[in-house]
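Fold and geometry: a report
Residues per chain are reported as follows:
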Amino acid sequence: MKKYNFYAGPAILPASVMAEAAKAVVEFEGIGLSLLEISHRSKEVVSILDEAQSLVRELLGLSDDFSVLFLTGGASTQFFTVAHNLLNADKKAGYVDTGSWSTKAIKEAKAFGQIDILASSKDKNYSYVPKGYEIPSDLTYLHVTGNNTIFGTQMHDFPETSVPLVCDMSSDIFSRPIDASRFGIIYAGAQKNLGPAGVTLAIVRKDFLEMTQRELPTMLNYNTHVQKNSSFNTPPVFPIYVSMLTLRWLKANGGLAAMAAKNEDKAKLLYDEIDSNPMFAGVAAKEDRSLMNATFVMAEGKEDLAEQFLADCAAAGCIGVKGHRSVGGFRASIYNAMPREGVETLVGLMKNFADK
Ligand SMILES: *Cc1c(COP(=O)(O)O)cnc(C)c1O
């Protein structure tokens, strides 16, 4: 049976990417060796790294001011690496608290400088994205989370400020075009919208890094990875390769503007059903709804039917629809690689559920 993967992460990847990746595990491009067993200094791997970097640059429209790094440790390691590299006791950064991942980023950063929480939506269980808060101009950076994977909200417009933005884009990177010139650092664990678990993309503006003042452990210093082109130590070759294949797929499918249009169409299909179906109710404020992770619950009074709906989903091959424990209900992750038919199948199940 065809299954549709609605998991939040590790998450769906394009089928063509997985087929190609599987071939490379057995034998990489006719060289008589698997991609898993060749040196990260080999010309094959160097060319994968180069192509991955240049596709990131091309898709996001990055100028030469930026370095594209492939790191390890996940977005969770970036939470402290950002502050470790950029702050010190007299420097401060602003953070917008829009969910569990923002909260973790704040906690980690506090060890390295003054952290001002400029706004938070904790008061309503992170069901909206705060707006209209004051942003002091003396911040070293303003940290935001592009998409709140757990709560199903997304920052559709980044805050207006001259302060460089640092953004955790783990769950919406490459889902829409962005104005890269506004960012000092963008980071993303690959496993939501880019590739398999094991690689973390960091895009850093080189002049922004000149502020690094601390003695940093070599591996935690962004400059190490800038200078050594992400190969100071052994990079996660296979996850980088699969990410590169996804980037090729993105380009072949029209790039980020085309991807954004598809994502908007898929999300509209699902949210229209959530809003019109009497069995279900949305969770996030409408204007802040995520195009990547749609959170919804059973309508009031129908909560005891949730298990039944999840059973229908599983029986129809819609996998991973159960909501995160901090929100409950349901979460359908509809990342770039989710085809429209997947969303149509889920919407069909919701309609049938109301009918019976
Ligand atoms: C999943 C996720 C993380 C955590 O990523 P790891 O790579 O597991 O550390 C951080 N931020 C956001 C927005 C996420 O969705």
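Since the structure is predicted, the reported quantities are computational estimates derived from the model, not experimental observations.

What counts, and at which threshold
- Residues numbered from 1 in each chain as written.
- Predicted model: local features only at pLDDT ≥ 70, side-chain atom pairs only at ≥ 80, totals over all residues.
- Heavy atoms only, no water.
- Helix = DSSP H or I, 4+ residues; strand = E, 2+ residues; numbered from the N terminus.
- Buried < 20%, exposed > 50% of the residue type's maximum accessible area, 1.4 Å probe, protein only.
- Contact = heavy atoms within 4.5 Å.
- Areas by Shrake-Rupley, 256 points an atom, 1.4 Å probe, with all protein chains shown as cover.
- Lys, Arg positive; Asp, Glu negative; His and termini not counted.
- Charge placed at Lys NZ, Arg CZ, Asp CG, Glu CD.
- Expected span 1.5 Å × (residues − 1).
- Bend = angle between axes of the 7 residues up to and from the residue.
- Disulfide = S-S within 2.5 Å.
- Axes fitted to C-alpha atoms, helices over the stretch in contact; angles between N-to-C directions.
- Left-handed = near helix turned anticlockwise from the far one by under 90°.
- Pairing = 2+ DSSP bridges.
- Arc of directions from axis to C-beta.
- Polar contact = N/O pair within 3.5 Å; in protein donor to acceptor, adjacent residues only side chain to side chain.
- Core = buried A, V, L, I, M, F, W, Y, C linked by side-chain atoms within 4.5 Å.

**Details of the overall build of the chain**
- When helices and strands are counted, the chain shows 10 helices and 14 strands.
- Oriented by its inertia axes, the alpha-carbon framework of the chain measures out at about 65 × 55 × 30 Å.
- Relative to its 356 residues, the chain shows a buried fraction of 57%.
- Across the chain, every contact between residues at least 6 apart in sequence was considered, and the portion connecting residues at least 24 apart equals 67%.
- A total accessible area of about 14800 Å² is found for the chain, and carbon and sulfur atoms account for 52% of it.
- Looking at charge distribution, the chain has the averaged site of its 35 positive side-chain charges lying 3 Å from that of its 40 negative ones.

**Examining helix α3 (residues 74-86)**
- Taking 1.5 Å of rise per residue, 13 residues should cover 18 Å, and α3 covers 19 Å from first to last C-alpha, within 8% of that figure.
- Approximately 25 degrees is the largest bend angle found in α3, and it occurs at Phe80.
- Along α3, the residues that are buried comprise Ala75, Thr77, Gln78, Phe79, Thr81, Val82, Ala83, His84, Asn85 and Leu86.

**Remarks on the state of the cysteines**
- Across all of its chains, the model carries zero disulfides by this definition.
- Cys318 supplies the cysteine sulfur nearest to Cys313, a cysteine that is in no disulfide, at a spacing of 5.6 Å.
- With relative accessibility at 1%, the residue Cys313 sits in the buried group.

**Looking at the packing of helix α1 (residues 15-26) against helix α7 (residues 237-252)**
- One way to put it is that α1 packs onto α7 with a least axis distance of 9 Å and a crossing angle of 145 degrees. At the point where α1 passes α7, the crossing takes the right-handed sense. Residues Ser16, Val17, Glu20, Ala21, Ala24 and Val25 of α1 pack against Phe238, Tyr241, Val242, Leu245, Thr246 and Trp249 of α7.

**Observations concerning the sheet that holds strand β12 (residues 293-298)**
- Reading across the sheet, the three strands line up as β11-β12-β14 and stay open at both edges, with antiparallel pairing between neighbours. Here the strands that pair on one side only, and so sit at the sheet edges, are β11 (280-282) and β14 (330-333). Strand after strand, the sheet turns through a mean of 35 degrees between neighbouring axes, direction not considered.
- Here β12 runs beside β14; their pairing, made up of four bridges, is antiparallel. Residue pairing for β14: Ala294 is matched across the bridge by Ala332.
- Sitting on the sheet, helix α8 (residues 255-276) touches β11, β12 and β14, and the angle it makes with β12 is about 15 degrees.

**Describing α8**
- Relative to the 32 Å expected for 22 residues at 1.5 Å per residue, α8 spans 32 Å between its end C-alpha atoms, a close match to the ideal helical length.
- Those residues of α8 that fall on the buried side of the exposure criterion are Gly255, Leu256, Met259, Ala260, Asn263, Lys266, Ala267, Leu270, Tyr271, Glu273 and Ile274. Along the axis of α8, the buried residues cluster in a sector spanning 165 degrees; they form a single face. For α8, exposure combined with an orientation more than 90 degrees from the buried face picks out Ala257, Lys268 and Ser276.
- Of the surrounding secondary structure, the elements contacted by the buried residues of α8 are α2 (43-60), α7, β11, β12, β14 and α10 (340-355).

**Observations concerning the sheet that holds strand β2 (residues 66-71)**
- One open sheet accounts for seven strands, arranged β2-β10-β9-β8-β5-β3-β4; its pairing is mixed. Bordering the open sheet on either side are β2 and β4 (114-120), each of which pairs with just one other strand. Put simply, the sheet's adjacent strands are angled 20 degrees from each other on average, direction ignored.
- Judged from the five bridges that link them, strand β9 (residues 183-189) and strand β10 (residues 200-205) form a sheet pairing that is antiparallel. Looking at the pairing, Ile185 lines up with Val204 of β10.
- With respect to the sheet, α2 is in contact with β2 and β10, its orientation differing from that of β2 by roughly 130 degrees.

**Things to note about the pairing of strand β5 (residues 142-145)**
- With burial as the criterion, each face of β5 is covered, one bearing Leu142 and Val144 and the other bearing His143 and Thr145.
- Pairing of strand β3 (residues 92-97) with β5 involves two bridges; the strand directions are parallel. For Tyr95, the partnering residue across the bridge sits in β5 and is His143.
- Relative to strand β8 (residues 165-168), β5 is paired through four bridges, and the arrangement is parallel. Across the sheet, residue Val144 finds its bridge partner in β8, namely Cys167.

**Focus on the side chain of Thr145**
- Along the chain, Thr145 turns up in strand β5.
- Given the relative accessible area of 1%, Thr145 is considered buried.
- Of note is the side chain of Thr145, whose polar atom sits 2.7 Å from the side chain of Ser102.

**Remarks on the nonpolar core**
- Residues Leu35, Val56, Phe70, Phe158, Phe174, Leu201 and Leu247 are the most contacted members of the largest nonpolar core, which totals 57 residues.
- Of all the elements, α7 adds the most residues to this core, at nine residues.
- For Phe70, the contacting residues outside a window of four places in its chain are Leu49, Ala52, Gln53, Val56, Val199, Thr200, Leu201, Ser230 and Ile240.
- Ala294, Leu310, Cys318 and Ala337 belong to the second largest nonpolar core, which has 33 residues in total.

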